[in-house]
Amino acid sequence: MAKDPNFTAREIAQIGWYTARMAKRGIAGENVHIGDLTRKVDRIIDGAREREAREAAEAAEAEKAARKAKYRK
């Protein structure tokens with residue numbers, strides 16, 4: 001399994017909220033469907049991975065631009 005990304009405070013709060021709702025549904029019984037909440041949590045995790053990759057790409061591009069500017073002087 002892939003390493004979990006660093007989450008923002010909002011993402012942590014959302015995951016906590018959905019986890020609490022899943023637990024509440026779990027108390028109701030084994031036949032209660034929690035797939036919708038699981039998908040929401042998965043979407044949050046996927047979004048965090050995409051954000052982290054995008055930020056890494058932007059940082060690499062900024063570093064490359066800084067190196068170019070340094071050599072142009």
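Note: the structure precedes this text.
The sections below set out a description of the structure shown in this document. None of these values were measured; they are calculated from a predicted model.

Thresholds applied
- Residues numbered from 1 in each chain as written.
- Predicted model: local features only at pLDDT ≥ 70, side-chain atom pairs only at ≥ 80, totals over all residues.
- Heavy atoms only, no water.
- Helix = DSSP H or I, 4+ residues; strand = E, 2+ residues; numbered from the N terminus.
- Rg over C-alpha atoms; globule rule 2.2 N^0.38 Å.
- Buried < 20%, exposed > 50% of the residue type's maximum accessible area, 1.4 Å probe, protein only.
- Contact = heavy atoms within 4.5 Å.
- Areas by Shrake-Rupley, 256 points an atom, 1.4 Å probe, with all protein chains shown as cover.
- Lys, Arg positive; Asp, Glu negative; His and termini not counted.
- Charge placed at Lys NZ, Arg CZ, Asp CG, Glu CD.
- Axes fitted to C-alpha atoms, helices over the stretch in contact; angles between N-to-C directions.
- Parallel < 35°, antiparallel > 145°, perpendicular 65-115°, else oblique.
- Left-handed = near helix turned anticlockwise from the far one by under 90°.
- Nonpolar A, V, L, I, M, F, W, Y, C, P; charged D, E, K, R; others polar.
- Salt bridge = Lys/Arg side-chain N within 4 Å of Asp/Glu carboxyl O.

1. A closer look at the overall build of the protein chain
Thought 1: When helices and strands are tallied, the protein chain shows 2 helices and 0 strands.
Thought 2: The C-alpha radius of gyration computed for the protein chain amounts to 19 Å, which surpasses the reference 11 Å derived for 73 residues by more than 25%, pointing to a less compact arrangement than a globule.
Thought 3: Each principal axis of the C-alpha atoms in the protein chain carries an extent, and together these give about 70 × 20 × 15 Å.
Thought 4: For the protein chain, the proportion of its 73 residues judged to be buried stands at 16%.
Thought 5: Across the protein chain, contacts joining residues at least 24 apart in sequence account for 61% of those joining residues at least 6 apart.
Thought 6: A total accessible area of about 6,100 Å² is found for the protein chain, and carbon and sulfur atoms account for 56% of it.
Thought 7: Of the charged side chains in the protein chain, 17 are positive and 12 negative, and the gap between their average positions amounts to 5 Å.

2. Quick look at the packing of helix H1 (residues 9–28) against helix H2 (residues 35–72)
Thought 1: Two elements in contact, H1 and H2, have axes whose closest approach is 9 Å; the angle formed by their N-to-C orientations is 165 degrees. With respect to their mutual orientation, H1 and H2 come out roughly antiparallel. Along this stretch, H1 crosses H2, giving a crossing that reads as left-handed. Contacts between H1 and H2 pair Glu11, Gln14, Ile15, Tyr18, Arg21, Met22 and Arg25 from the former with Asp36, Leu37, Thr38, Lys40, Val41, Ile44, Ile45, Ala48 and Arg51 from the latter.
Thought 2: Grouping the amino acids of the contact of H1 with H2 by side-chain chemistry returns 8 nonpolar, 2 polar and 6 charged.

3. Considering the pattern of salt bridges
Opposite charge on two side chains permits them to pair, given that their charged atoms come into close proximity.
Thought 1: Counted under the stated rule, the structure contains 6 salt bridges.
Thought 2: Among the salt bridges present, the one from Glu11 reaches Arg51, with a minimum N-O distance of 3.0 Å. Taken together, the residues span a long stretch of sequence, with Glu11 in helix H1 and Arg51 in helix H2 at a distance of 40 residues.
Thought 3: Here Glu11 falls in the buried class, since its relative accessible area comes to 11%.
Thought 4: Connected via shared salt-bridge partners are Asp4, Asp46 and Arg49.

4. A short note on the environment of Arg49
Thought 1: With respect to the element layout, Arg49 can be found in helix H2.
Thought 2: Of the residues examined, Arg49 reaches a relative accessible area of 28% and is grouped as partly exposed.
Thought 3: Residues Arg49 and Ile34, 15 residues apart in the sequence, show an inter-C-alpha distance of 23 Å.

The values reported here are purely geometric and, on their own, carry no functional implication.
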